[in-house]
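Results of the structural survey
Single-letter residue listing:
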Amino acid sequence: MKTKIGIIFLFVLLTGCAAQNTFNMKQYQSSGKAAYPPISIMVNDGYVYTDSGCNQYSCYNYADNTHLFILNSLRQSNLFERIDLNNAYSEYRLEIGFTQKSNGSEAGDFTKIMLGALTLFMIPMSYEYTYKAGFTLIHKDKVIAKYEYDRVSNEIKSIFIEPQSAKNNAVKSIVNNFLYDLENDNRFQPDPEDTGGISL
């Protein structure tokens, strides 16, 4: 019995918990139904960074989930009729450039990575990153709006914390602010000559 409890406890630890979201979120109007027309998003020109390898102690596979974090955050707002990914034929498109930069030294970050590998990431390591995102809203190949945001994120990397969850929190905050600004700027307006359409 004790062995089973120990196995369950170990599984819970290894599953990892999401990092706590400490970013401020703004309030925008959401009636629960789509207020904006269908749109397609493209993050970093469709490029997804991946990496894999092995060292003396373990192997790893990494895929950057930024595009999925942004897609899910936009869909969860329920503000758009439909949100596609990398649809070049969409009437409305949202091109997003997203970057991540460590605020620590290269030597310090490398030492933390090596120490983490040696300890199988059982020892929490602190990092500070700056995330920057630029949103370009396009209608029929015409740029109609641009927005820029940045977040400084203090993160802990450990086997007990879900990978990329801190980045996801930063993305949620950035998307939240974008939707707030989009609403305040009234970028999507009813067409006075066509009640079923949208004008700019």
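Since the model is a prediction, treat every value here as computed from it, not as a measurement. (Residues numbered from 1 in each chain as written. Predicted model: local features only at pLDDT ≥ 70, side-chain atom pairs only at ≥ 80, totals over all residues. Heavy atoms only, no water.)

**Describing the overall build of the chain**
For the record, the criterion: Only DSSP runs of H or I covering at least 4 residues are called helices, and only runs of E covering at least 2 are called strands; the numbering of each starts at the N terminus. Partly exposed describes any residue whose relative accessible area lies between the buried limit of under 20% and the exposed limit of over 50%, with all areas from a 1.4 Å probe on protein chains only and scaled to the type maximum. Contacts: residue pairs with any heavy atoms within 4.5 Å of one another. Surface exposure here means Shrake-Rupley accessible area, sampled with a 1.4 Å probe, where a residue is shielded only by the protein chains that are shown.
The secondary structure content of the chain amounts to four helices and nine strands. Counted from the first residue to the last, the chain has its helices and strands arranged as α-β-β-β-α-β-β-α-β-β-α-β-β. Within the chain, the proportion of its 200 residues that are buried is 35%. Considering only intrachain contacts with a sequence separation of at least 6, the fraction spanning at least 24 residues in the chain is 75%. When the accessible area of the chain is evaluated, it comes to approximately 12,700 Å², of which 54% is carbon and sulfur surface.

**A closer look at the pattern of salt bridges**
Note the following rule: Each reported salt bridge corresponds to a side-chain nitrogen of Lys or Arg within 4 Å of a carboxyl oxygen of Asp or Glu.
The full count for this structure, using the stated rule, is five salt bridges. For Arg93, the salt bridge is made with Glu95, and the minimal N-O distance between the two is 3.6 Å. By relative accessible area, Glu95 is classed as partly exposed at 31%. Salt-bridge contacts for Glu155 lead to Lys157; the nearest nitrogen and oxygen are separated by 4.0 Å.

**So, the packing of aromatic side chains**
Our working rule: Here the aromatic set is Phe, Tyr and Trp, taking the six-membered ring for Trp, and pairing holds for ring centres within 6.5 Å; pairs whose planes are under 30 degrees apart are stacked, those over 60 apart are edge-to-face, and all others are tilted. Cation placement over rings: the criterion is NZ of Lys or CZ of Arg within 6 Å of the ring centroid and within 35° of the ring normal.
Per the counting criterion, the structure on display carries eight aromatic pairs. Three or more aromatic residues joined by ring pairs form one cluster here, namely Phe98, Tyr127, Tyr129 and Tyr131. Positioned over the ring face of Tyr127 is Lys157, at 5.6 Å from the centre of the ring.

**Looking at helix α2 (residues 66–76)**
Listed in full, the buried residues belonging to α2 are Thr66, His67, Phe69, Ile70, Leu71, Ser73 and Leu74. If you follow the buried residues of α2, they end up packed against β1 (39–43), β4 (83–85), β5 (92–102) and α4 (165–185).

**A look at the nonpolar core**
Quick reminder of the rule: Put simply, buried Ala, Val, Leu, Ile, Met, Phe, Trp, Tyr and Cys residues joined by side-chain atoms within 4.5 Å make one nonpolar core.
If you look at the biggest cluster of nonpolar residues, it comprises 35 residues, and the most contacted ones within it are Ile41, Leu74, Phe80, Leu94, Phe135 and Phe178. Counting residues per element, the ones that place at least two in this core are β1, α2, β5, β6 (125–139), β7 (142–157) and α4. What Leu94 contacts, discounting residues up to four positions off in sequence, is Ile39, Ser40, Ile41, Met42, Leu74, Phe135, Thr136, Leu137 and Phe178.

**Here we look at the sheet that holds β5**
Selection rule: Paired strands, in this sense, are two strands between which DSSP finds at least two bridges. Simply put, an axis is a line fit to the C-alpha atoms, just over the touching stretch for a helix, and the angle between two N-to-C directions goes from 0 to 180 degrees.
Taking strand neighbours across the sheet as the criterion, the five strands line up as β4-β1-β5-β6-β7 in an open arrangement whose pairing is mixed. The sheet is open, and its two borders are formed by β4 and β7, each paired with just one other strand. Within this sheet the neighbouring strands show an average axis-to-axis angle of 25°, counted without direction. By the bridge criterion, three bridges tie β1 to β4 in an arrangement that is parallel. The residue of β4 that forms the bridge with Ser40 is Asp84. Its contacts with the sheet place α2 against β1, β4 and β5, and it is angled at close to 155° to β1. Strand contacts of α4: β5, β6 and β7, with the helix running at about 150° to β7, the strand carrying the most contacts.

**Brief notes about the confidence of the model for the chain**
Formally: Confidence of the predictor at the level of single residues is captured by pLDDT, which takes values from 0 to 100.
With 74% of its residues at a pLDDT of at least 70, the chain reaches an overall mean of 81. When mean pLDDT is compared element by element in the chain, β1 scores highest at 98, while helix α1 (residues 2–15) scores lowest at 41. Note that residues 190–200 has pLDDT below 50 and, in this model, 18 contacts with residues that lie over four places away or in other chains.

**Concerning a nonpolar patch on the surface**
Short version of the rule: Patches were defined on residues exceeding 30% relative accessible area and lacking a salt bridge, with like-charge contacts within 9 Å and nonpolar side-chain contacts (Val, Leu, Ile, Met, Phe, Trp, Tyr) within 5 Å.
A cluster of nonpolar side chains, contributed by Tyr47, Tyr49, Tyr60 and Tyr62, occupies part of the molecular surface with about 430 Å² of accessible area. Summarising the element assignment, Tyr47 is placed in the loop between β1 and β2 (50–54). For Tyr47, a relative accessible area of 56% gives the class exposed.

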